[in-house]
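# Fold and geometry: a report
As a plain string of letters, each chain reads:
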Amino acid sequence: MMKKLMMLLAAVCAAQVPAADLQDWKSSKPQNFRALPGQVKVVNIWATWCAPCRKEMPAMSAWYQKQDKKKVSLVGVAIDKRESIGQFLQKTPVVYPVWHYSGNDSRAFMKTLGNQFGGVPYTVVYADKCDKRQNIAGEVNAAKLDEAVKAVRMQCKLG
């Protein structure tokens, strides 16, 4: 069990996703989870056609505005068409970065993040410095995010 957890965490931290498969949605510039700032990283997988995803994004954006960016980073990764992302973000802007998964196998990508069922929304909260993480399947809100970040910070002994 611990070995499997370590492998999953390594996949998240090493971003075993081809660099070209994670891109800034607007510029298409390759992205990598390791480049995210902050002690604790929050990665939210979503899609424009997902009703709970659309509902949670304004709450996540408001939550992220209140965070110390040196301690917490948040990125949304859309498994959707680039055009759909742009149309959605015009109506529902967010303050955190949004990336686009452009690969051919979103299920395999999500499995590297621990999402075995392949559904969205799916959120991973982790720290690079330890093997602790919190996975949240389904819609998140500020309380769930606070709880997950706090748990990772405590487990990793981050100040």
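Residues numbered from 1 in each chain as written. Predicted model: local features only at pLDDT ≥ 70, side-chain atom pairs only at ≥ 80, totals over all residues. Heavy atoms only, no water.

## Thoughts on the overall build of the protein
- Looking only at helices and strands, the protein features 5 helices and 6 strands.
- When its helices and strands are written in sequence order, the protein yields α-β-β-α-β-α-β-α-β-β-α.
- Looking at the protein as a whole, 50% of its 159 residues qualify as buried.
- Long-range pairs, those at least 24 residues apart, make up 66% of the contacts in the protein between residues at least 6 apart in sequence.
- In the form shown here, the protein has an accessible surface area of approximately 8100 Å², with 55% of it arising from carbon and sulfur atoms. (Helix = DSSP H or I, 4+ residues; strand = E, 2+ residues; numbered from the N terminus. Buried < 20%, exposed > 50% of the residue type's maximum accessible area, 1.4 Å probe, protein only. Contact = heavy atoms within 4.5 Å. Areas by Shrake-Rupley, 256 points an atom, 1.4 Å probe, with all protein chains shown as cover.)

## A word on the pairing of strand β6 (residues 133-137)
- Of the pairings in the sheet, the one linking strand β5 (residues 122-127) to β6 comprises 5 bridges and is antiparallel in character. By the bridge assignment, Val124 is partnered in β6 with Asn135.
- Between β5 and β6, which pair antiparallel one after the other, the connecting turn spans 5 residues. (Pairing = 2+ DSSP bridges.)

## Focus on the sheet that holds strand β3 (residues 72-78)
- Taken in spatial order, the 6 strands make up an open sheet running β1-β4-β3-β2-β5-β6, and their pairing is mixed. If you trace the sheet from one side to the other, it starts and ends with β1 (22-24) and β6, each paired once. The mean angle between the axes of side-by-side strands here comes to 25°, regardless of whether they run parallel or antiparallel.
- Direction of pairing for β1 relative to strand β4 (residues 98-101): antiparallel, over a ladder of 3 bridges. Within β4, the position partnered with Asp24 by the bridge is Trp99.
- On the sheet, helix α5 (residues 142-156) packs against β2 (40-46), β3, β5 and β6 and is oriented at approximately 160° with respect to β6. (Axes fitted to C-alpha atoms, helices over the stretch in contact; angles between N-to-C directions.)

## Considerations on the confidence of the model for the protein
- Averaged over the protein, the pLDDT score is 89; the fraction of residues at 70 or greater is 87%.
- Here helix α1 (residues 2-14) stands out as the least confident element of the protein, with mean pLDDT 43; β3 is the most confident, with 98.
- Below pLDDT 50 for its whole length, residues 1-16 participates in 27 contacts with residues either more than four positions away or in separate chains. (pLDDT = per-residue confidence, 0-100.)

## Thoughts on the packing of aromatic side chains
- Scanning the model with the defined rule gives 5 aromatic pairs in all.
- Centre to centre, the rings of Phe117 and Tyr122 are 6.1 Å apart; their planes meet at 70°, and the pair counts as edge-to-face.
- With a relative accessible area of 46%, Phe117 lands in the partly exposed category.
- Above the plane of the ring of Tyr64 lies Lys69, whose end atom (NZ or CZ) is 4.4 Å from the centre. (Phe/Tyr/Trp six-rings, centres within 6.5 Å; stacked < 30°, edge-to-face > 60°. Lys NZ or Arg CZ within 6 Å of the ring centre and 35° of its normal.)

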